[in-house]
Amino acid sequence: QVQLVESGGGSVQAGGSLRLSCAASGYTYRRYCMGWFRQAPGKEREGVAYINSDGPTSYADSVRGRFTISKDNAKNTLTLQMNSLKPEDTAMYYCAVRGLGWYEPCAGRNDMDYWGKGTLVTISS
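Sequence order as written defines the numbering, with residues in each chain counted from 1. Two thresholds apply to this predicted model, a pLDDT of at least 70 for residue-level local features and 80 or more for giving and counting side-chain atom pairs, whereas whole-chain, interface and lining totals are computed over all residues. Working from all heavy atoms in the structure, the side-chain values ignore hydrogens and water.

## Considerations on the state of the cysteines
A pair of sulfur atoms, both from cysteines and within 2.5 Å, is called a disulfide here. Taken as a whole and judged by the stated rule, the model has two disulfides. The disulfide that involves C22 links it to C95, with 2.0 Å between the sulfurs. Judged by the sign of its S-S torsion, about 55 degrees, the bond between C22 and C95 is right-handed. A residue pair is termed long-range when its members are at least 10 positions apart, and C22 in strand 3 (residues 18-25) and C95 in strand 9 (residues 91-99) qualify at 73 residues. When sorted by exposure, C22 lands in the same class as C95, which is buried. Covalent S-S linkage joins C33 and C106, the inter-sulfur distance amounting to 2.1 Å. Across the disulfide from C33 to C106, rotation about the S-S bond amounts to roughly 70 degrees, and the bridge is consequently right-handed. Separated by 73 residues along the polypeptide, C33 in strand 4 (residues 32-39) and C106 in the loop between strand 9 and strand 10 (114-115) bring together distant segments of the chain. Helix and strand assignments follow DSSP, with helices taken as H or I runs no shorter than four residues and strands as E runs no shorter than two, numbered in order from the N terminus. For every residue, the accessible area (1.4 Å probe, protein chains only) is compared with the maximum for its type, and the residue is labelled buried under 20%, exposed over 50%, or partly exposed between those bounds.

## A look at the pairing of strand 5 (residues 46-52)
When you tally the buried positions in strand 5, you get five out of seven residues, the bulk of the element. One ladder, built from six bridges, connects strand 4 with strand 5; its direction is antiparallel. The partner of G35 across the bridge, within strand 5, is Y50. What sits between the antiparallel neighbours strand 4 and strand 5 is a turn of six residues, in which G42 has the positive phi angle 80 degrees. In the sheet, strand 5 pairs with strand 6 (residues 57-59) via three bridges, with the strands oriented antiparallel. DSSP calls a pair of strands paired once it identifies at least 2 bridges connecting them.

Here it is in structure tokens:
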């Protein structure tokens, strides 16, 4: 049973920082893509950061330079460090995972296999 559980959301002032965590369990992919997504009311879901099992990362233009995605293989944990937060970062944030074939890309995709329930991030001006 694959489980993804997000934590670390909250309410902070613009310019502040938050660190989101995703505890993952139950997946046995040899190669995989993990990502952080967000969705604000009335907007489409957006992939903000990705990391594959080999380590390479990618970011949406809107968060590049401010957010950092990382993983701890020993602890099965995915992290999103968010700095210089802006009101437009307000959204529900989700972590997700997808198994990858040898030549399948990770960055930019939204067809993930499993999703967490989300954690709410609210940034005030």
